[in-house]
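Each chain, letter by letter, is given below.
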Amino acid sequence: DPATGDLAVRETATGAVRRLTRNPDGSPEFAYFSVFSRDGRRLAFAWYNRERIYELRVIGMDGAGMRTLHSHPERRFVQPCAWSTDGKRILT
């Protein structure tokens, strides 16, 4: 969602938008690239944080269970591209 920086999904049939993250107003943080897991239950995404680092995060389609999988000051950028067939790995 460009207005809030949140990761959101849009249902194409209805146009309904559902925010999965809750970014505080005025925060410089935002979600960037994202990719659905093969089973459609999770999203991997890049999150630009206050330290100007893109973290690799995962969240459930219900907005629960968000985890940071990678954040490193010397490797400041990630772009999730695909999930492995078994859902255990993410190509970035």
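Here the structure is shown first, and the text comes after it.
For the structure given in this document, a descriptive report is provided here. Note that the structure is a prediction, hence the values are computed from the model and not measured. (Residues numbered from 1 in each chain as written. Predicted model: local features only at pLDDT ≥ 70, side-chain atom pairs only at ≥ 80, totals over all residues. Heavy atoms only, no water.)

## Focus: the pattern of salt bridges
Part 1 of the argument: By the definition in use, this model includes 4 salt bridges.
Part 2 of the argument: Of the charged contacts in the structure, one is a salt bridge between Glu29 and Arg50, with a shortest N-O distance of 3.4 Å. Residue Glu29 is found in the loop between strand S2 (17-19) and strand S3 (30-36), and its partner Arg50 is found in the loop between strand S4 (42-48) and strand S5 (54-60); the two are separated by 21 residues along the sequence.
Part 3 of the argument: A relative accessible area of 16% places Glu29 in the buried class.
Part 4 of the argument: For the salt bridge of Asp39 with Arg41, the shortest nitrogen-to-oxygen distance reads 3.9 Å.
Part 5 of the argument: The class for Asp39 is partly exposed, based on a relative accessible area of 44%. (Salt bridge = Lys/Arg side-chain N within 4 Å of Asp/Glu carboxyl O. Helix = DSSP H or I, 4+ residues; strand = E, 2+ residues; numbered from the N terminus. Buried < 20%, exposed > 50% of the residue type's maximum accessible area, 1.4 Å probe, protein only.)

## What about the sheet that holds S4?
Part 1 of the argument: With antiparallel pairing, the 4 strands of this open sheet are ordered in space as S3-S4-S5-S6. Two strands lie at the open edges of the sheet, namely S3 and strand S6 (67-70), each paired on one side alone. Neighbour-to-neighbour, the strand axes of the sheet open up by a mean angle of 30°, direction not taken into account.
Part 2 of the argument: Sheet analysis places S3 next to S4, joined by 5 bridges and oriented antiparallel. Bridge pairing in S4 places Ala31 opposite Trp47. (Pairing = 2+ DSSP bridges. Axes fitted to C-alpha atoms, helices over the stretch in contact; angles between N-to-C directions.)

## A closer look at the nonpolar core
Part 1 of the argument: Of all hydrophobic cores here, the largest spans 9 residues; its members are Leu7, Val9, Leu20, Ala31, Leu43, Phe45, Trp47, Ile59 and Met61.
Part 2 of the argument: Val9 has contacts with Ala16, Val17, Arg18, Leu20, Phe36, Leu43 and Met61, leaving out every residue within four places of it along the chain. (Core = buried A, V, L, I, M, F, W, Y, C linked by side-chain atoms within 4.5 Å. Contact = heavy atoms within 4.5 Å.)

## Quick look at the packing of aromatic side chains
Each aromatic ring pair is described using two quantities: the centre-to-centre distance and the angle formed by the ring planes.
Part 1 of the argument: Tallied over the entire structure, the rule returns 9 aromatic pairs.
Part 2 of the argument: Residues Phe30 and Tyr54 carry aromatic rings whose centres are separated by 6.3 Å and whose planes lie at 80° to one another, so their mutual orientation is edge-to-face. Residue Phe30 is located in strand S3, and its partner Tyr54 is located in strand S5; the two are separated by 24 residues in the primary sequence.
Part 3 of the argument: Here Phe30 falls in the partly exposed class, since its relative accessible area comes to 26%.
Part 4 of the argument: Its relative accessible area of 15% is what places Tyr54 among the buried residues.
Part 5 of the argument: When the ring of Tyr54 is compared with that of Phe77, the centres are 5.0 Å apart and the planes differ by 75°; the resulting orientation is edge-to-face. Here the residue Tyr54 occupies a position in strand S5, and Phe77 occupies one in the loop between S6 and strand S7 (82-83), the gap between them amounting to 23 residues.
Part 6 of the argument: Members of the aromatic cluster, joined through ring pairs, are Phe30, Tyr32, Phe33, Tyr48, Tyr54 and Phe77. (Phe/Tyr/Trp six-rings, centres within 6.5 Å; stacked < 30°, edge-to-face > 60°.)

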